[in-house]
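Each chain, written out:
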Amino acid sequence: MTDLLENEEKIKDVVMLAARILLEAGAEGTRVEDTMTYISSACGYKSSNSFVTNTVITYLLHNGTHPRIYRIQTRDTNLIRISETNRVSRHIVEGKITLDEAWDKLIYINEKIDDHPLPFKAFAGGMVGLSFLYLQGGLLIDVPTAILAGGIGYFITEYLSQKIEAQFIPEFIGSFIIALLAAFGHMLVPGGELSIIIISAVMPIVPGVLITNAIQDMFGGHMLMSITKLLEALVTAFGIGAGVATVLIFL
Amino acid sequence: MTWLLHLIFSFTSSYFFAVLFDAPRRLFFYAGVTGATGWMFSRILLEAFSMHEVYATAFGSLVLGIMCHLMARMLKEPATMFMVPGIIPFVPGGLAYEATSLLVQFEYSASLNTMLEVILIAGGVAVGLLFADFLSKMFIHRNKNYADARSRKVG
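Residues numbered from 1 in each chain as written. Chains lettered and ligands numbered in written order. Predicted model: local features only at pLDDT ≥ 70, side-chain atom pairs only at ≥ 80, totals over all residues. Heavy atoms only, no water.

Undergrad: Which parts of the structure should I look at to understand the overall build of chain A?
TA: Counting secondary structure elements, chain A contains 10 helices and 3 strands. Each helix (α) and strand (β) of chain A, taken in turn from the N terminus, gives the series α-α-β-β-β-α-α-α-α-α-α-α-α. Each principal axis of the C-alpha atoms in chain A carries an extent, and together these give about 80 × 30 × 30 Å. Across the 251 residues of chain A, 53% fall into the buried class. Residue pairs at least 24 apart in sequence account for 68% of intrachain contacts in chain A once pairs closer than 6 positions are excluded. Counting only carbon and sulfur atoms, one obtains 64% of the accessible surface of chain A, whose full area is about 11,400 Å². Of the side chains in chain A, 17 bear a positive and 25 a negative charge, and the two mean positions are spaced by 3 Å. (Helix = DSSP H or I, 4+ residues; strand = E, 2+ residues; numbered from the N terminus. Buried < 20%, exposed > 50% of the residue type's maximum accessible area, 1.4 Å probe, protein only. Contact = heavy atoms within 4.5 Å. Areas by Shrake-Rupley, 256 points an atom, 1.4 Å probe, with all protein chains shown as cover. Lys, Arg positive; Asp, Glu negative; His and termini not counted. Charge placed at Lys NZ, Arg CZ, Asp CG, Glu CD.)

Undergrad: Could you clarify how one ought to interpret the packing of aromatic side chains in this entry?
TA: Aromatic ring pairs: the centre-centre distance and the angle between the two ring planes describe each pair. Residue and element names in this part refer to chain B. Enumeration over the complete set of coordinates arrives at 14 aromatic pairs over all chains. With a centroid separation of 5.7 Å and 75° between ring planes, the pair formed by F29 and Y30 is classed as edge-to-face. Its relative accessible area of 48% is what places F29 among the partly exposed residues. Looking at Y30, the relative accessible area reads 29%, which means it is partly exposed. Aromatic pair W39 and F90: ring centres 6.0 Å apart, planes at 50°, arrangement tilted. In this pair, W39 sits in helix α2 (residues 28–47) while F90 sits in the loop between α4 (80–87) and α5 (93–104), placing the two residues 51 residues apart along the sequence. (Phe/Tyr/Trp six-rings, centres within 6.5 Å; stacked < 30°, edge-to-face > 60°.)

Undergrad: Teacher, can you tell me more about unusual backbone geometry here?
TA: Trans peptide bonds make up most of the peptide bonds, and negative phi angles are found at most residues other than glycine. Residue and element names in this part refer to chain B. Of note in this structure, D22 is not a glycine but carries a positive phi near 55°. Looking at where D22 falls in the secondary structure, it is placed in the loop between α1 (2–20) and α2. Assessed through its relative accessible area of 0%, D22 is described here as buried.

Undergrad: What is the right way to read the domain arrangement of chain A from this model?
TA: Residues and elements named next belong to chain A. The domain architecture assigned to chain A consists of domain 1 (2–112) and domain 2 (118–249). Relative placement of domain 1 and domain 2: their C-alpha centres are 33 Å apart. On the domain 2 side, the residues contacting the 14 residues of domain 1 number 13 residues. Regarding the contact of domain 1 and domain 2, the summed buried area is about 1,000 Å², with carbon and sulfur atoms giving 53% of it. Its largest share of buried area at the contact with domain 2, domain 1 owes to E28, T30 and N54, together 42% of the area lost on that side. Counting across the interface, domain 1 meets domain 2 through 7 residue pairs in polar contact (both at pLDDT 80 or more). (Domains from an automatic or database assignment. Buried area = accessible area lost by both parts, 1.4 Å probe. Polar contact = N/O pair within 3.5 Å; in protein donor to acceptor, adjacent residues only side chain to side chain.)

Following this line, the structure appears as structure tokens:
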């Protein structure tokens, strides 16, 4: 009897940790709930129940035990963690690893796997700015401005959102600085198009993941999650718009 | 030449977006390929067939979504890995910028018109992804576990 109970607690631990990693890495709600259902039914509990929004996980293994709740504090986007957790859950379902091994792997994913280094991501932000300058129909003389504004703006936004826990402020300051840099570059190298520089440099901080996930959750029948994600995306987009507009007023 | 440059830059935009969203290093290239496929398809519809931007975006994101599910099947990764970097070029950032810029100049009606177009294009992206999801559930991912989990049997 005690063995059975211990086993149940182990299953709950693994399921809750997997769900927590997925949600904190910015996965969509349908994926999180499906993963929880897969793992528990692979362990023999076919009637488990879970309810997930982007701030809380609720989970019940079967009707005779204690439920578990976990409050999600911080969320960002990290596709590596989603991919690795997905692999662990697939291996559990296929019976390739035991629950203890899965627990160790999840702990490793949660604590050891990090983001790419920030300078590398800032470089990528600059390259994104360059790509969008072409895709939006910009001019060749605006290339340095777009790369610099995109890279520096992304760096500042990421740095601020790691330092302070606020929703609106990092995007506001980041896009404010992007618009300032773009206007300054436009002044130094006249002849280009200011609006296209700003659009392409702002692209790295656009809440793309949130929008995509909100759409997918809406079609997955996960209405609450989709509304909350849309709201989060709206706040971010409003921050970007307000930051750019602050500069535009003075031009 | 224009087509080649479009191919290159749509590839790099998706590639570097995969970096920004911390995708695993081995998937950068595939994310780039997926994004470039969707974008090139919508460009061809837009310019060679002179379709309206809303329809071109919807069909482009349909092709992108199907490509994502095929890649997910091939590489055994979640489809989100490819969808998130690939969808960004379709986001109507330019129009949204224009709407905001008109709004702060107090041109309310012009701003509202632009905003409606933004909503229509975003809806096009959503519809494309929806049909891609539907097609992949019908033909690509026939997951038995999923059917078991969602069956109505009690116990």
